[in-house]
Amino acid sequence: MFHCGATKVKNIFLLISFFCSVFLCAQNSVEEQLSESDEALEVFDLKPRSLEYSTETNGLVSMEFEGELFVPHKIPDGLEIVHSSNNDVTRFFYDNLLRITKKEIWNIRNSESYNAVKSVIYEYTAENFYPSKIINIENQSKDISIYDNEKNLLERKQYVTFKEKEFLILQEIYLYDSENRIINSKIQENNYSEDYKKITYKFLKEYRYSYNEFGQNLEYYENSVLKNQIKYTGENEYYSQFYFDGGISISSYFKDSKKVYDKYMQNSKVIREVKYE
């Protein structure tokens, strides 16, 4: 291994461009990976302080910038890239299709003082390049998201760990129609007692969507009780109705982004009406 000379810079930078493209994509969200990978070439505006190159493998061994170290290397089932900046070390793992499979973030103060900050695991269906499942693990929490082949979020679960046991604190479920439009989402939050021996309160929010030629209609429920409705009746025209305890509701009509009137009702009887100019 040696520090490369000027004659090899062009070939090495082509190699680095590949690794840096993969590396920068991994730092972005999965959604951004498909659209922003070309922007990774902008890394060449930075001048590496040193490059280490292997004549045995004909590949990059390390690249160092001010305060940062970048080390890619081949592993049996793919590729690993290590990025170090000050006390933070991030490891990226890729399979043989160069799909990111895992990301680890560590804080390393010295050889005896270090801790894992965060871990993200990516799972795939067949040879799809968009993950079907993403698992985020950070501190005492775990977040699991499941996607379909159209990249739509189907389900999300969030857990908290207490005395080495996991407790579900949040669950989200999403449904879509044949046109990939969302038609239903349910979000349930669970509150536990201080010792996590029982659930003290459950709060369920549900959004029901329907569509017509004018827009997206909505019904919103809290713990299965209707709280709000929005219905489009024309181009830039819609009704919004809020429901409160005691049979009280407020119905508003909007046109061209302006409120036309409000109706205050109790048990379907109009008790007040306000018109706006």
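From a predicted model like this one, the values you see are computed outputs, not experimental measurements.

Calculation criteria
- The numbering scheme is per chain: residues are counted from 1 as the chain's sequence reads.
- In keeping with the model being predicted, local features are shown solely for residues with a pLDDT of at least 70 and side-chain atom pairs are shown and tallied solely at 80 or more, while totals for entire chains, interfaces and linings include all residues.
- The basis for the side-chain values is all heavy atoms of the structure; hydrogens and waters are excluded.
- Secondary structure counts use DSSP, requiring at least four H or I residues in a row for a helix and at least two E residues in a row for a strand, with both numbered from the N terminus.
- Think of it in three bands: residues with accessible area under 20% of the maximum for their type are buried, residues over 50% are exposed, and the middle band is partly exposed, with areas taken using a 1.4 Å probe on protein chains only.
- The criterion used for residue contact is that any of the two residues' heavy atoms lie within 4.5 Å.
- All accessible areas in this document rest on Shrake-Rupley with a 1.4 Å probe, and a residue is counted as covered only by the protein chains that are shown.
- Pairing between two strands is assigned when DSSP locates at least 2 bridges connecting them.
- Values of pLDDT, ranging from 0 to 100, describe the predictor's confidence in every residue of the model.

(A) Looking closely at the overall build of the chain. When helices and strands are counted, the chain shows two helices and 20 strands. Taken across its 277 residues, the chain has 34% of its residues classed as buried. Of all intrachain contacts in the chain linking residues separated by at least 6 positions in sequence, the fraction that spans at least 24 positions is 17%. Accessible surface computed for the chain: about 17,600 Å², of which carbon and sulfur atoms make up 49%.

(B) Spotlight on the pairing of strand β5 (residues 78–85). By the criterion of burial, β5 is predominantly enclosed, with seven of the eight residues buried. Two strands pair when backbone bridges link them, and strand β4 (residues 68–75) and β5 are joined in this way by eight bridges, in the antiparallel orientation. Bridging from a neighbouring strand, Glu68 pairs with Ser85 of β5. Here β4 hands over to β5 after two residues, the two strands then running antiparallel side by side.

(C) Focus on the confidence of the model for the chain. Confidence in the prediction for the chain averages 81 pLDDT; 76% of positions are at 70 or higher. The spread of mean pLDDT over the elements of the chain runs between strand β1 (residues 2–3), the lowest at 42, and strand β15 (residues 216–222), the highest at 98. Within the model, pLDDT remains below 50 along residues 1–27, and this stretch shows 62 contacts once partners closer than five positions in the same chain are excluded. Counting interchain partners and residues more than four positions distant, the pLDDT-below-50 stretch residues 29–51 has 46 contacts.

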